[in-house]
Structure formats: structure tokens, C-alpha cells
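# Structure assessment
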Amino acid sequence: MIRLHDTLTREKREFVPLNPERITMYVCGPTVYGRAHIGNARPAVVFDTLARLIRHEFGDDSLVYARNVTDVDDKIIAAAEAEGIDPSVITDRYERHYLEDMRALGVRDPDLAPHATQEIGPMTSMIERLVELGNAYAVEGHVLFSVPSDPDYGVLSKRDRDAMIAGARVEVAPYKRDPADFVLWKPSPEGVIGWDSPWGRGRPGWHVECSAMIERHLGETIDIHGGGLDLIFPHHENEIAQSRSAHGAPLARYWVHNGFVDMGAEKMSKSLGNIVTPSELLAEGHKGETLRLALLSAHYRSPLPWTDALVEQSKTLLDRFYRAAGDSLPGQVDEAFLQALRDDLNTPLALSRLSSLDGGTLKASAALLGLLQVSAVEWFQGDTDAPAIEQRIADRTEAKKSRDFATADRIRDELKAEGIILEDGPGGTTWRRE
Ligand SMILES: [Zn+2]
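Quantities reported herein were computed from a predicted structural model and do not represent experimental measurements.

A few words now on the side chain of serine 314. Note that serine 314 resides in helix H10 (residues 308-325). Apart from residues lying up to four places away in sequence, serine 314 is in contact with Thr290, Leu293 and Ala294.

What follows is the structure in C-alpha cells.
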């Protein structure tokens, strides 16, 4: 039994899917106009880990996991204008980088990756429905959602009206009937990406994108809706209002939100300019699994302070895990480890349990976190000292060939003194750190 903390009810609840043979999970994906940073990678790793757990518990084919790609947005338009190129060049480039970076962190591609620009029809039809139902109104080429039309607005963020208006930093526009009303559709001037619609040429607002894609690909009510804490308001609040107003059913049965990655006292964010990207860290020689373990080291709902020391500790821990697993084949997943994950994805507890395991049990358990995905040999060969060590192993092999066993033994002893253990096998000599 999995228990998940649901932001809507503010409590941990037993996870009971609507249909255990088709569990549906939607996570708000990237807006593709720049390189992803570690803070952006956290939800990708957290929900990939949750997906692995759900598949372990309910079966490999039990889950449909959708993560959208926002490929029309003001920031994309600005980036394209700055480079003097078509927005699709920007979005293709950064979507490709996003997938490369996330795959390097062991994040499997979601089952569905709907793109906003490919879903304009479902969005305009949802907007039309909202207008017909009196939940939205068209004015000066815009369509706005009427917040006062939804008596339950605020149910997720539990903010009062003034806090909502302040928090949304909503644009004060003369055409708005209420300051809290938000944009479903906005006009695109000549030369800016846009589509024909009943309200003139324009483009969709961000919030309606997720509501329309969820309805089209996963259904009216999904099991899990995920994303970062910063999306609770206004993005997810607005998704709930749109979806429930359009079809009457609740949008999601469990709302799961991950905390921020912090740099010092501040949240890591592009606008604060304090970001570290997976691509930089990988280029410095850190491995994807090291960064993944670092991202799973704190509970997903807690803030995660990102430091160089955290990355170093994660590497050391993985070295220990790889030594303890050796070259065993995956066995059974450890029960106490599994209990930790089932309890609202308690990865810190699960990791501490891993430290007491070895062999095939460790290998199988770690796999559920997306760790120990390569052989121990491969892991340690990536060592920065590897070329020098390999050279001395080659010297020793030469010495043995010429029956100079004294030299061969001396090299072995010298390496051992440095903590390098050699193992002679039919395929040659391999090494590992003690
Ligand atoms: Zn969304």
C-alpha cells in the first residue's frame, strides 16, 4: 500500500487508484526556452521515482505517465526574437537538451509528452465550453476565466482573495471584470506565433494548456497531478477551476508537490541567477547517478539545499553501494526499503536502509530509485585516476607475461596501499576501490 501526501486535503492518504490497470499521472513539464537547472530536474527525478514505485506495486503496464512540453509562451517568443530565429528552433533545441539532461539523470521518458502547439484545437474547444457555461468571457481579443464564477476557487491553495490577487501578481487590465480573472486566450500581433480562433488570431494562456491536455489524453479525472510547490498557486488552482467548470468532475484525486532546491538562503531560480545546471555538472565529470542520488537525498516535500559537499557525499555513498553490490544480479527488493518508499516516497529513510544491504538485494532495491544502473566495473572505470591505474595494470600484465613476478607483485601491492584492489579474471584484470 502506497501512501501519498495530498496537497488538497493536506494529509497523507492511502493511494487508491480509480482503475489499478490504468493509473494516470500528469506532471507539468518544462517551458523549453533555456537549459534546465537542478531545481527543474527535481520534479523530473521525483516523479520518475514515483512512477517506478507505482509500476513495481501495480505492474509494468499499470501507469500512463504524461508530462507536457510548453512550446508556446512569452519567454519563448522573447528568446526567439533575441536570436532572430523562429520559436520552433528555440523549442526544438531546448526540448532536445532537456531530454538529454533528464536521461543522464536516469529519468525515463514519460509515456506521453503532449506539446502545446499540437493541442490548440482541444484548448479552444475547452475555452468555448467555458464561455458557453458562463465561466469565461471574451473581450478585446482576449478570453478570460471569471474567477467569481467558481465558488470553489482557492480550494487547493487555501488563500483568501486578497492574497490570491497579490500572489498571482495579476496584470491589472481595463478589460478584466475582476482583478483575479486570468487569461485563457490572448491576441497575437502580426509577426508573433498565433492561431485562428473564434476570438481572432491569438495563442493560449499557460493554465488552459494542462487542463485541455489532461482531458484529452488521460480523462476528466486523473489519479495523480504533480509538479513543484511553486505551481500550487496560481497554476494548479487555475487548472482545477477550468477543468471542474468545464466538465464538473474533480481534476485529480491526489495532488503531489515537490519542494524547492535552495542555493544558500534562496530558491534556485533562473530569475535570481543562482542556477547550477545538470549539463555543467556532467561536463565537470560528475555522473548522472550522483546527481540523481543528491536529488533524492532529502524528502521530496522538504527543501533541498544544493552544495558541492552534497554532490561529493552522494558520490562517496554510490561508491560504497557499488562495492557492496559487486557484480551480483538483481535479487528481491528489500521489504523495509520498500516500506520507506511506500510511505510518501521517504527516500532519505530508503537510502539509509540501502546502506545496510549488499549483493542482489541492494542491486534490486537501488534500481527502484534508478540507482546502480551500470556494472560496478563500469562505475569505477569512470574514476578520474582511472587512466593512471589502467597504465599500471598494463605494466603488471607485461611483467607477468615476461615472468617478472616480483615486479607484478610490487605493482599490485603499491595499488593496494592506495586502496585499489585488483581482480584477475578470464577477461583480464579489473580493479575497484576498497
Ligand atoms: Zn500544468
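Next comes the rest of the description.
Before going further, it helps to spend a moment on the packing of helix H11 (residues 335-342) against helix H12 (residues 347-354). It is at 8 Å that the axes of H11 and H12 come closest, and there the two elements cross at 170 degrees. Considered as vectors, H11 and H12 are oriented roughly antiparallel to each other. On H12, the residues touching Ala336, Phe337, Ala340 and Leu341 of H11 are Thr347, Leu349, Ala350, Arg353 and Leu354. Considering only residue class, the contact of H11 with H12 consists of seven nonpolar, one polar and one charged.

A word on the packing of aromatic side chains. For the structure shown, the criterion picks out six aromatic pairs. Considering the side-chain rings of phenylalanine 15 and phenylalanine 58, the 6.1 Å spacing of their centres and the 90 degrees angle between planes classify their relative orientation as edge-to-face. Linking phenylalanine 15 in the loop between strand S2 (11-14) and strand S3 (23-27) with phenylalanine 58 in helix H1 (residues 38-58), this pair joins segments that are 43 residues apart in sequence. Of the residues examined, phenylalanine 15 reaches a relative accessible area of 4% and is grouped as buried. Ring centres of phenylalanine 15 and tyrosine 254 lie 5.1 Å apart, and the angle between their planes is 65 degrees; on these two criteria the pair is classed as edge-to-face. Pair noted here: phenylalanine 15 is in the loop between S2 and S3 and tyrosine 254 is in strand S10 (residues 252-258), with a separation of 239 residues, a long-range link.

Moving on, we get to the sheet that holds strand S11 (residues 261-263). Spatially, three strands are ordered S12-S11-S13 in an open sheet, and the strand pairing comes out mixed. Strand pairing shows two members of the sheet lacking a second neighbour, strand S12 (266-267) and strand S13 (304-305), which therefore form its edges. With two bridges connecting them, S11 and S12 associate as antiparallel partners. Bridging from a neighbouring strand, aspartate 262 pairs with lysine 267 of S12.

Time to look at the environment of tyrosine 33. Among the secondary structure elements, tyrosine 33 is positioned in the loop between S3 and H1. A relative accessible area of 22% means that tyrosine 33 is categorised as partly exposed. In the structure, tyrosine 33 is positioned 336 residues away from leucine 369 in sequence and 29 Å away in space, judged by C-alpha atoms.

Further remarks concern the coordination of the zinc ion. Note on the zinc ion: its protein donors are Cys28 (SG), Cys210 (SG), His235 (NE2) and Glu239 (OE). The metal-donor distances range over 2.1 to 2.3 Å. As a motif over one chain, the donors of the zinc ion read C-x181-C-x24-H-x3-E. Of this pair, cysteine 28 sits in the loop between S3 and H1 while histidine 235 sits in helix H7 (residues 232-247), and the two are 207 residues apart along the sequence.

Okay, helix H9 (residues 288-296) next. Counting buried positions along H9 yields nine of nine residues, so the element is predominantly enclosed. Among the residues of H9, those classed as buried are Gly288, Glu289, Thr290, Leu291, Arg292, Leu293, Ala294, Leu295 and Leu296.

Here we take up unusual backbone geometry. In the segment running from phenylalanine 233 into proline 234, the intervening peptide bond is cis, with an omega of 5 degrees. Position of proline 234 among the secondary structure elements: in helix H7. Residues other than glycine seldom take positive phi values, yet lysine 158 does so here, at roughly 55 degrees. Here lysine 158 lies in the loop between strand S6 (142-145) and helix H5 (161-168). The backbone phi angle of leucine 345 is positive, close to 55 degrees, even though this residue is not glycine.

To continue, consider a negative patch on the surface. Residues Glu280, Glu284, Asp308 and Glu312 make up a contiguous surface patch of negative charge. Inspection of the secondary structure assignment puts aspartate 308 in helix H10.

So, about empty space enclosed by the protein. Counted according to the given criterion, the structure contains one cavity of 30 Å³ or more. Roughly 60 Å³ of volume is contained in the largest cavity. Contributing to the lining of the largest cavity are Pro30, Val32, Arg67, Asn68, Val69, Glu95, Tyr98, Leu99, Pro110 and Ala113. At three residues, the largest contribution of residues to the lining of the largest cavity is made by helix H3 (residues 87-104). Considered class by class, the residues forming the lining of the largest cavity number seven nonpolar, one polar and two charged.

The class for histidine 235 is buried, based on a relative accessible area of 1%. Here histidine 207 takes part through its side chain, which lies 2.9 Å from a polar atom of the side chain of histidine 235. In contact with histidine 235, not counting residues within four places along its chain, are Cys28, Trp206, His207 and Cys210.

Here is what the cut-offs are and how they apply
- Residues numbered from 1 in each chain as written.
- Predicted model: local features only at pLDDT ≥ 70, side-chain atom pairs only at ≥ 80, totals over all residues.
- Heavy atoms only, no water.
- Helix = DSSP H or I, 4+ residues; strand = E, 2+ residues; numbered from the N terminus.
- Contact = heavy atoms within 4.5 Å.
- Axes fitted to C-alpha atoms, helices over the stretch in contact; angles between N-to-C directions.
- Parallel < 35°, antiparallel > 145°, perpendicular 65-115°, else oblique.
- Nonpolar A, V, L, I, M, F, W, Y, C, P; charged D, E, K, R; others polar.
- Phe/Tyr/Trp six-rings, centres within 6.5 Å; stacked < 30°, edge-to-face > 60°.
- Buried < 20%, exposed > 50% of the residue type's maximum accessible area, 1.4 Å probe, protein only.
- Pairing = 2+ DSSP bridges.
- Donors = N, O, S within 2.8 Å, 3.2 Å for Na, K, Ca; no water.
- Patch = residues over 30% accessible without salt bridge, like charges linked within 9 Å, V, L, I, M, F, W, Y side chains within 5 Å.
- Areas by Shrake-Rupley, 256 points an atom, 1.4 Å probe, with all protein chains shown as cover.
- Salt bridge = Lys/Arg side-chain N within 4 Å of Asp/Glu carboxyl O.
- Lys, Arg positive; Asp, Glu negative; His and termini not counted.
- Charge placed at Lys NZ, Arg CZ, Asp CG, Glu CD.
- 1 Å grid on protein atoms, 1.4 Å probe; cavity = no way out; pocket = protein on both sides within 12 Å on 5 of 7 lines; lining within 4 Å.
- Points joined across faces, edges and corners; volume = space filled by probe spheres on them.
- Polar contact = N/O pair within 3.5 Å; in protein donor to acceptor, adjacent residues only side chain to side chain.

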